[in-house]
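Residue-level structure breakdown
Residues per chain are reported as follows:
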Amino acid sequence: MKKIILSIAVVILFNLSFDASACTNFIVTKGASKDGSTFVSYSADAGGFMEPLFFLPRAKYAAGTMLDVYDWDSGKYLGKIKQAAETYQVIGNMNEYQVAIGETTFGGVERLHHDTTAIVDYGSLMRLALQRAKTAREAIKVMTDLVKEYGYHSEGESFSITDGNEAWMLEMIGKGGIEKGAVWVAVRIPDGYVAAHANQARIRQFPMNDPENCLYAPDVITFAEKNGFYNSSKDGKFSFADVYNPLEPGGLLFCEGRVWSLFNHSAPSLKLRAEYWQAYKGEEPYPLYIKPDNKLSVRDVMNFMRDHFEGTPYDMTKEPAAEPFGSPLRWKPLAFKIEGDTNSYGWGRPISTQQTAFSFVAQSRTFLPREIGGIFWYGVDDTYSTVYVPLYANMKSTPACFTGGSISELDLNSAFWIFNLVSNLAYTKYSYIIKDVQEVQKRLEDKYELYQPIMENAAMVLYKNNPQVAVDFLTDYSLNESQRMFEEWTKLWKNLVVKYNDGYINNVNDQNGRSPKGVGYSDKFLKGCVNERPGYYDVKMKTKAK
């Protein structure tokens, strides 16, 4: 159907609701990875938000047991649903069977938001699926059956759902109380390909007769037709994204730019045109999935999530707003107006952002026993300055540093707050401090990469004699490395406070503190100051004008 591009003024309205639900997913199928793993990455971006690492052990329930459901974002009680007879262990967004789920909110047609009679929201939907599904395909059935029975409480969502064999993208939007349930479509990402989404629906046309690779609600088209969202005679072939989440400039500038970045890292040979996400009319949308130029590792995926458009014409460290210390951070709101100026403006929206609460890369591997194969690489705060620590999906408890804390109170026992203390200090003198951060970050992640095959080979030896001993071994490893990482980051924070005290770069080896180095500002920044106020900064005797 025809692409819908609205006035640039819509950016402001779009962005007001956007900052609270700004996430990014990247999917790597096992044929696109170096070692045959399936990966899904996810960043949970929302200012004023933190959440302890979710952990739920395997359990069994008596017949007739009911489960209370609370909205993931607001905590509002939504109602009761039937509990499953058996639930599986979940850590974060991954379960013991190596099923992992990420999401990004696309909102979509406002008329279809928030069915107030519905019981299941998007966050509960993910966790319930992880507790009840052994495969990605099963997870899709659990999610779509739940919304059919209990209704869908949230706005439009894109979900990434993976296991060790398959990777899917599921897009869903409720019916706004017009009817019960939701309309949805799920597309399997072909093996050997990668996909991405970031708060904009991306499934357009889809096959209607290929259940191995595409699943959809029976009324996904007819619901749109009878409620005036789609007219086949005028709009052409049905497109889920164009019907339920029509494009506007904000959706391109703030969402598709992230997709372009991930695809550009994966397959620079494609030379995908930036003009599309830059909101030029007539540009072709990016494909739902692409084949990467080279197979990807877990470290590649981590690094892709650490992006400010560096190395491109849109590099946020090179913009005027990056001065004086090359900062890629832009303080919210994303969109802004200037007094006396009728135009609307918006900052770039890279994948890395200061408002990330947590992120992960879930790694699933069918060539290993499930007790060993699933790793939930987990980090808190800004992806650019986080450390992804390996948490094995079958571990029997969670690290203390990830399980406590509150967004409303500083807690030096919380990894979330320690990482925020480091990153917020880095934002003050970015080009200098970020190098200190990256040095420790790289050292830790290099260690995890080196240790991984060693620990897993040892776990396999233990597994052959007793699988539970292997699980205990990997639990100890995950807990110990998380604690060591937390201690290293606490030490880093203290060192940075000393080294950059009072805006200097201090020689921390000088016990007398008599050799601070003032670093000043870049020539570009200084020239801007001088040009803004000619003569004001001159250090010379001046002659008063007559």
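Rules and cut-offs
Residues numbered from 1 in each chain as written. Predicted model: local features only at pLDDT ≥ 70, side-chain atom pairs only at ≥ 80, totals over all residues. Heavy atoms only, no water. Helix = DSSP H or I, 4+ residues; strand = E, 2+ residues; numbered from the N terminus. Rg over C-alpha atoms; globule rule 2.2 N^0.38 Å. Buried < 20%, exposed > 50% of the residue type's maximum accessible area, 1.4 Å probe, protein only. Axes fitted to C-alpha atoms, helices over the stretch in contact; angles between N-to-C directions. Parallel < 35°, antiparallel > 145°, perpendicular 65-115°, else oblique. Polar contact = N/O pair within 3.5 Å; in protein donor to acceptor, adjacent residues only side chain to side chain. Salt bridge = Lys/Arg side-chain N within 4 Å of Asp/Glu carboxyl O. Expected span 1.5 Å × (residues − 1). Left-handed = near helix turned anticlockwise from the far one by under 90°. Contact = heavy atoms within 4.5 Å. Nonpolar A, V, L, I, M, F, W, Y, C, P; charged D, E, K, R; others polar.

A short note on the overall build of the chain
For the chain, the helix and strand inventory stands at 13 helices and 21 strands. For 546 residues, the compact-globule estimate of 2.2 N^0.38 gives 24 Å, and the C-alpha radius of gyration of the chain, at 25 Å, lies within 12% of that figure. Principal axes of the C-alpha set define a box for the chain whose edges measure 85 × 65 × 45 Å. Scored against the burial criterion, the 546 residues of the chain give a buried share of 54%.

Re the packing of helix H11 (residues 430-465) against helix H12 (residues 467-499)
Across the interface, H11 lies against H12 with an axial gap of 10 Å and an inter-helix angle of 170 degrees. Taken together, the axes of H11 and H12 are roughly antiparallel relative to one another.

Observations regarding the side chain of Asn199
Of note, Asn199 is situated in the loop between strand E14 (194-197) and strand E15 (214-216). Taking relative accessible area as the criterion, Asn199 reaches 1% and is therefore assigned buried. Within polar-contact distance, the side chain of Asn199 engages the backbone oxygen of Thr105 at 2.8 Å.

Focus: the environment of Gln468
Following the sequence through the fold, Gln468 ends up in helix H12. A relative accessible area of 39% means that Gln468 is categorised as partly exposed. Separated by 97 residues in sequence, Gln468 and Glu371 place their C-alpha atoms 8.4 Å apart.

So, the pattern of salt bridges
Enumeration over the complete set of coordinates arrives at 29 salt bridges. Between Glu256 and Arg202 there is a salt bridge; the shortest N-O distance is 3.5 Å. Of this pair, Glu256 sits in helix H7 (residues 249-266) while Arg202 sits in the loop between E14 and E15; the two residues are 54 residues apart in sequence, bridging distant segments of the chain. This pair shows no difference in class: Glu256 is buried, exactly as Arg202 is. Each of the salt bridges in this network shares a partner with another, and the network as a whole consists of Arg58, Glu86, Glu96 and Arg370.

Points about helix H2 (residues 122-132)
Burial within H2 is extensive, with 11 of its 11 residues counted as buried. Taken as a whole, H2 has its buried residues at Tyr122, Gly123, Ser124, Leu125, Met126, Arg127, Leu128, Ala129, Leu130, Gln131 and Arg132.

Considerations on H12
Over its 33 residues, H12 runs 47 Å from end to end, which matches the ideal 48 Å to within 8%, given 1.5 Å per residue. Its side-chain oxygen 3.0 Å from the backbone nitrogen of Gln468, Asn466 forms the N-cap of H12.

Description of the packing of helix H10 (residues 415-426) against H12
In a packed pair of helices, the relevant descriptors are the angle between the two axes and the axis-to-axis distance. Contact geometry for H10 and H12: axes closest at 9 Å, N-to-C directions at 30 degrees. The hand of the H10/H12 crossing is left-handed. Between H10, through Ala415, Ile418, Phe419, Leu421, Val422 and Leu425, and H12, the contact on the second element is made entirely by Met485, Phe486, Trp489, Thr490, Leu492, Trp493, Leu496 and Val497. The class makeup of the residues in the contact of H10 with H12 is 13 nonpolar, 1 polar and no charged.

Remember, this is a structural readout, not a statement about activity or role.
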